[in-house]
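Here is how the chains run, residue by residue.
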Amino acid sequence: MLIISGGRVVDPGNLDGITDILIEDGKIIEIRPEIRNPKSEIIDASGKIVTPGLIDMHVHFREPGHEYKETIETGCMAAAHGGFTTVCTMPNTNPVNDTSQVTEYILKRAAEVNSVRVRPVAAISRGLEGKSLCEYGDLKAAGAVAFSDDGHPVEESQLMRRALEYARGFGLPIISHCEELELVSSGVMNEGEVATRMGLAGIPNAAESVMVMRDIALCELTGSRLHIAHVSTAESVRAIRNAKKRGAPVTAETAPHYFTLTENAVEGYDTHAKMNPPLRSPEDREAVLEGLADGTLDVIVTDHAPHSSLEKEVEFDHAANGIIGLETSVSLSLKLIEKGVLTITGLIEKMSANPARILGLESGLKVGGPADITIIDPDREYVVNADNFRSLSRNTPFDGWNMKGKAVLTMVEGRVVFDELNIG
Amino acid sequence: MQFAKKDILDMASLSVEEITLILDTAEKMKEISERPVKKVPTLRGKTIVLFFYEPSTRTRTSFDIAAKRLSADSVSISASTSSMVKGETLIDTAKNIEAMNADVIVMRHSSSGAPLMLAKRLNASVINAGDGTHAHPTQALLDMMTIKESKGTIDGLRIAIIGDISHSRVARSNITGLTKMGADVVLAGPPTMIPKGIESLGASVTYHVDEAIHGADVIMMLRIQKERQKSFLFPTEREYARVYGLSKEKLKHAKADALIMHPGPVNRGVEIAPDVADGPWSVILDQVTNGVAVRMSLLYLVLGGLRHADY
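Asks: Looking at this structure, how should I read the sheet that holds strand E6 (residues 54-59) of chain A?
Replies: Note: strands within a sheet are paired through backbone hydrogen bonds, in either parallel or antiparallel orientation. Pairing is parallel across the open sheet formed by three strands, whose spatial order is E6-E7-E8 (chain A). Strands at the two margins of the open sheet, each flanked by one partner only, are E6 and strand E8 (117-118) of chain A.

Asks: Where do I start with unusual backbone geometry in this structure?
Replies: With glycine set apart, most residues show a phi of negative sign, and most peptide bonds adopt trans. All names here are of chain A. Asn94 connects to Pro95 through a cis peptide bond whose omega is 5°. Mapped onto the secondary structure, Pro95 falls in the loop between strand E7 (84-89) and helix H2 (100-113). A cis geometry characterises the amide bond from Asn276 onward to Pro277, with omega recorded as -5°. Relative to the helices and strands, Pro277 resides in the loop between helix H9 (256-260) and helix H10 (282-294). Phi is positive for Asp25, close to 50°, though the residue is something other than glycine. Even without a glycine there, the phi angle at Glu34 is positive, about 55°. Within the secondary structure layout, Glu34 lies in the loop between strand E3 (27-32) and strand E4 (41-44).

Asks: Hey, could you run me through the state of the cysteines in this one?
Replies: Note on terminology: a disulfide is the covalent bond linking the sulfur atoms of two cysteines. Residue and element names in this part refer to chain A. Inspection of every chain in the model, using the stated rule, returns zero disulfides over all chains. Cys88 supplies the cysteine sulfur nearest to Cys76, a cysteine that is in no disulfide, at a spacing of 12 Å. Residue Cys178 stays outside any disulfide, its sulfur separated by 11 Å from that of Cys219, the closest cysteine.

Asks: Just checking my understanding: could you explain the environment of Thr296(A) for this structure?
Replies: Residue and element names in this part refer to chain A. Locating Thr296 in the fold gives a position in the loop between H10 and strand E16 (299-300). For Thr296, a relative accessible area of 3% puts it in the buried group. Taking the C-alpha atoms as reference, Thr296 lies 14 Å from Asp284; in sequence the two are twelve residues apart. Ignoring any residue separated from it by four or fewer positions in sequence, one finds Thr296 in contact with Val237, Ile240, Arg241, Lys244, Ala252 and Gly291. A distance of 2.6 Å separates the side chain of Thr296 from the side chain of Asp294, its partner in a polar contact.

Asks: Got a minute to help me understand the nonpolar core in this structure?
Replies: Nonpolar side chains tend toward joint burial in soluble globular proteins. Judged by nonpolar contacts, the single largest core of 71 residues is most densely connected at Val87(A), Phe147(A), Ile174(A), Ile228(A) and Leu336(A). Two domains each put at least three residues into this core: domain 1 (2-49 + 369-419) and domain 2 (53-359) of chain A. When neighbours within four sequence positions are excluded, Phe147(A) is seen to be in contact with Val121(A), Ala122(A), Ala123(A), Ile124(A), Tyr136(A), Leu139(A), Ala167(A), Leu172(A), Pro173(A), Ile174(A) and Ile175(A). With 64 residues, the next largest nonpolar core counts Met29(B), Ile165(B), Ile198(B) and Ala293(B) among its residues.

Asks: Explain the packing of helix H5 (residues 137-151) of chain B against helix H6 (residues 169-180) of chain B here, please?
Replies: Any two packed helices are characterised by the angle at which their axes cross and by the distance between the axes. Residues and elements named next belong to chain B. Two elements in contact, H5 and H6, have axes separated by 8 Å at closest approach and are oriented at 55°. Here H5 is positioned oblique relative to H6, judged by the angle of their axes. In terms of crossing hand, the pair formed by H5 and H6 is right-handed. Between H5, through Pro137, Gln139, Ala140, Asp143, Met144 and Ile147, and H6, the contact on the second element is made entirely by Val170, Ser173, Asn174, Gly177 and Leu178. Residues belonging to the contact of H5 with H6 are distributed by class as follows: six nonpolar, four polar and one charged.

Asks: What should I look at first to understand the side chain of Glu271(B) in this one?
Replies: Residues and elements named next belong to chain B. Its place among the elements puts Glu271 in the loop between strand E9 (259-261) and helix H10 (274-277). In this structure Glu271 is buried but unpaired, with Arg223 as the nearest side chain of opposite charge at 5.2 Å. Looking at Glu271, its side chain comes within polar contact range of the main-chain nitrogen of Ile224, at 3.3 Å.

Asks: What is the right way to read the side chain of Asp217(B) from this model?
Replies: All names here are of chain B. Checked against the element boundaries, Asp217 lands in the loop between helix H7 (209-213) and strand E8 (218-221). In terms of polar contacts, Asp217 uses its side chain to reach the backbone amide nitrogen of Arg158, at 2.8 Å. When neighbours within four sequence positions are excluded, Asp217 is seen to be in contact with Lys151, Leu157, Arg158, Lys255, Asp257, Ala258 and Leu259.

Asks: I keep staring at the interface of chain A and chain B and nothing clicks. Help me out?
Replies: One widely used convention gives an interface's size as the accessible area the parts lose upon coming together. Counting residues at the interface gives 16 residues for chain A and 22 residues for chain B. When chain A packs against chain B, close to 1,400 Å² is buried across both sides, 56% of that on carbon and sulfur atoms. Across the chain A-chain B interface, the total number found is one salt bridge. Where chain A meets chain B, there are eight residue pairs in polar contact (both at pLDDT 80 or more). Considering only residue class, the side of chain A that touches chain B consists of five nonpolar, five polar and six charged.

Asks: What am I meant to see in the sheet that holds strand E3 (residues 104-109) of chain B here?
Replies: All names here are of chain B. Taken in spatial order, the four strands make up an open sheet running E2-E1-E3-E4, and their pairing is parallel. Each edge of the open sheet carries a strand with a single partner, namely strand E2 (73-78) and strand E4 (125-131). In this sheet, adjacent strand axes meet at a mean angle of 15° when their direction is disregarded. In the sheet, strand E1 (residues 47-52) pairs with E2 via six bridges, with the strands oriented parallel. Residue pairing across strands places Ile48 opposite Ser74, the latter belonging to E2. Where helix H11 (residues 284-302) meets the sheet, its contacts fall on E1, E3 and E4, and the angle it forms with E4 comes to roughly 150°.

Asks: I keep staring at the pattern of salt bridges and nothing clicks. Help me out?
Replies: Oppositely charged side chains can form a pair if their charged atoms are brought close together. In this structure the tally under the stated criterion is 32 salt bridges over all chains. Between Glu112(A) and Lys108(A) there is a salt bridge whose closest N-O contact spans 3.6 Å. A residue pair is termed a helical-turn pair when its members lie 3 or 4 positions apart in one helix, as Glu112(A) and Lys108(A) do in helix H2 at four residues. For the salt bridge of Asp64(B) with Lys68(B), the shortest nitrogen-to-oxygen distance reads 2.7 Å. Taken together, the residues span about one helical turn, with Asp64(B) and Lys68(B) both in helix H2 (residues 58-69) at a distance of four residues. Judged by its relative accessible area of 39%, Lys68(B) is partly exposed.

Asks: What is the right way to look at the pairing of strand E6 (residues 184-188) of chain B in this model?
Replies: Two faces make up the sheet, and in a regular strand the side chains alternate between them. Residues and elements named next belong to chain B. Most of E6 is tucked away, with four of its five residues classed as buried. Alignment of strand E5 (residues 158-162) against E6, held across five bridges, turns out to be parallel. Following the sheet pairing, Ala160 is matched in E6 by Val186. Crossover E5 to E6 through H6 is right-handed. One ladder, built from three bridges, connects E6 with strand E7 (residues 204-206); its direction is parallel. Bridging from a neighbouring strand, Leu187 pairs with Val205 of E7.

Asks: Before we go on, may I ask you to explain the domain arrangement of chain A in this structure?
Replies: All names here are of chain A. When cut into domains, chain A gives domain 1 (2-49 + 369-419) and domain 2 (53-359). Using C-alpha coordinates to define each centre, domain 1 is positioned 25 Å away from domain 2. At the junction of the two partners, domain 1 supplies 37 residues and domain 2 supplies 45 residues. Summed over both partners, the interface of domain 1 with domain 2 buries about 3,300 Å², with 63% contributed by carbon and sulfur atoms. Viewed at the interface, domain 2 and domain 1 are joined by one salt bridge. A salt bridge links Arg117 to Asp372; its shortest N-O distance comes to 2.6 Å. Applying the counting criterion to the domain 1 and domain 2 interface returns 22 residue pairs in polar contact (both at pLDDT 80 or more). Elements that contribute at least two residues to the side of domain 1 that touches domain 2 include exactly strand E1 (2-11), strand E17 (373-383), strand E18 (402-412) and strand E19 (415-419). Per-element tally for the side of domain 1 that touches domain 2: the top contributor is E18, with nine residues.

About the cut-offs
Residues numbered from 1 in each chain as written. Chains lettered and ligands numbered in written order. Predicted model: local features only at pLDDT ≥ 70, side-chain atom pairs only at ≥ 80, totals over all residues. Heavy atoms only, no water. Pairing = 2+ DSSP bridges. Helix = DSSP H or I, 4+ residues; strand = E, 2+ residues; numbered from the N terminus. Disulfide = S-S within 2.5 Å. Buried < 20%, exposed > 50% of the residue type's maximum accessible area, 1.4 Å probe, protein only. Contact = heavy atoms within 4.5 Å. Polar contact = N/O pair within 3.5 Å; in protein donor to acceptor, adjacent residues only side chain to side chain. Core = buried A, V, L, I, M, F, W, Y, C linked by side-chain atoms within 4.5 Å. Domains from an automatic or database assignment. Axes fitted to C-alpha atoms, helices over the stretch in contact; angles between N-to-C directions. Parallel < 35°, antiparallel > 145°, perpendicular 65-115°, else oblique. Left-handed = near helix turned anticlockwise from the far one by under 90°. Nonpolar A, V, L, I, M, F, W, Y, C, P; charged D, E, K, R; others polar. Lys, Arg positive; Asp, Glu negative; His and termini not counted. Salt bridge = Lys/Arg side-chain N within 4 Å of Asp/Glu carboxyl O. Buried area = accessible area lost by both parts, 1.4 Å probe. Right-handed = clockwise from strand over helix to strand, strands pointing away.

Dropping the structure here:
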């Protein structure tokens, strides 16, 4: 038996106060102040925030196929160190997760690793090629929790319409990577003054929002659930806000880099600031913050995209898109509280309750429920050192940043998978 | 003054004093090229590698001649003969060149920022001979030298740059350099070729060539690439020549002694009419001559400059 004692327990819509949690056999047995049990091990959480296990519904682990960038094991360790108890892996592995065999392989590896929970997202289309549907029934039976061609837009509107409709039969959402490739053309960063000065080809905001608007139209046509991935522009935020007002079953996510950085981070041709969608203008960052504050954006994800120096220490034009985020996400997201964008409850909603609701996963601190718990120290100050990351990759623009607040303990089904509670 | 820069990457990182020193030194260097024996021993024993990832005749030859006039040894590597075709990374290739004790690497690359990437990692000097659509500082410097030769100064001149600004590293470097030296730069071209936010470099923008040319002291025409039709930047060469090309007719709006410049290679009859390219105020070939002088000046300055006084 284990008692998490004296922490501020925050479970959106359920709990917020100093209380204790008693855990046995991976389950929460009791939640009440001052539980005393001489046989129990005590985790002293006083001064800390105790929350339902955080969920990152958008990560890229590179197994199978590109294990030199990240394996399921190293990815899970990075997640645990970042305070996440559940991650949803995107299907752009090699082979692509477009069959139940690949889904089963990922889950088998995750079970062997036995760290955080892995819930795979399978492909919308076979081979991510946008030509034919995958077997959603088979994939769901194997354990897929959503469908996405993330990394590639579904260019053909008819396929997207049918994917939305067909997925509805299984009660699972479609996660859309919204990008109009013709408008992206050879673009490698946000279109605007910085790109012009640096001589880099630009990607206009419309390359994202045109597709967001199409997918919202298809969502309303079909009545099926649509989740928009990695929102980066003001126009997209506006389109999603309006769609929600009309009652469309649409949800959306953004990532810490979009609410923290702008296109200026690319200065010096820093390939660690190259991602897709690109870092945008200060006005877009402001719009993303507003979207988080007013609930237009439901979820904070990392879009954890590990790449090695082979893909990043090259010409900016040739560098791979993406950054890792699992081990910096909580610290960067906590800054939103300081800025007055979110309350701690609002933050936990976006990092646990909302993704759980969208994907039909368990979340929350309930007696009888699984003890998936994250403990956050809001006052822990530290400097990010990418060399200490558990991820196999180092592609982060946040190396060397001063942070205040981080996840210090991660528990999955009562097992402590990360513990830094009493360090520092 | 002592020239302290290890690398020449773009015009933004050069001060007015440094630009002046480069141009003054180039003027002295030009005299060497006019001697019967066009060679001095100044850079004897120095090794200069010309590392060209993009095809170039003019710029590479110009650097090669500049190196040889100063008695440096120059070696050329092009993309097709380099190990890049065997999958070696740019950084590895450059480190190998440096390991052979190259003193200067002159680099042209199709990716913006590639010379900066090497400059950060190498002890050798890196001179940017054109990177993507970012910068072409030696072209801007030779243009400035040519303008100064004819007009005596750059300060206060009205300079029109016309054509595909979006894809032009020459335009970017000239806008930055010329405005830094006090010129008033105006850009013209079809809106499809004017990149967002270019005004932030200090130039004004018009979509009308006549307006840009009006009262101009210098008119710089940019090369138009036929392939751009495929990305819908302009419909036909015919229309481009009519609306945006420089003809004798349009030239009437400029000052009578306006200089006509072009970085080459020229598409005769497209961005510039043949009679204008060959006309009395065309300095297109002077630009090429001055290119050698400017490159001699830069090689000399990055390799220790004023320590040698024997040219």
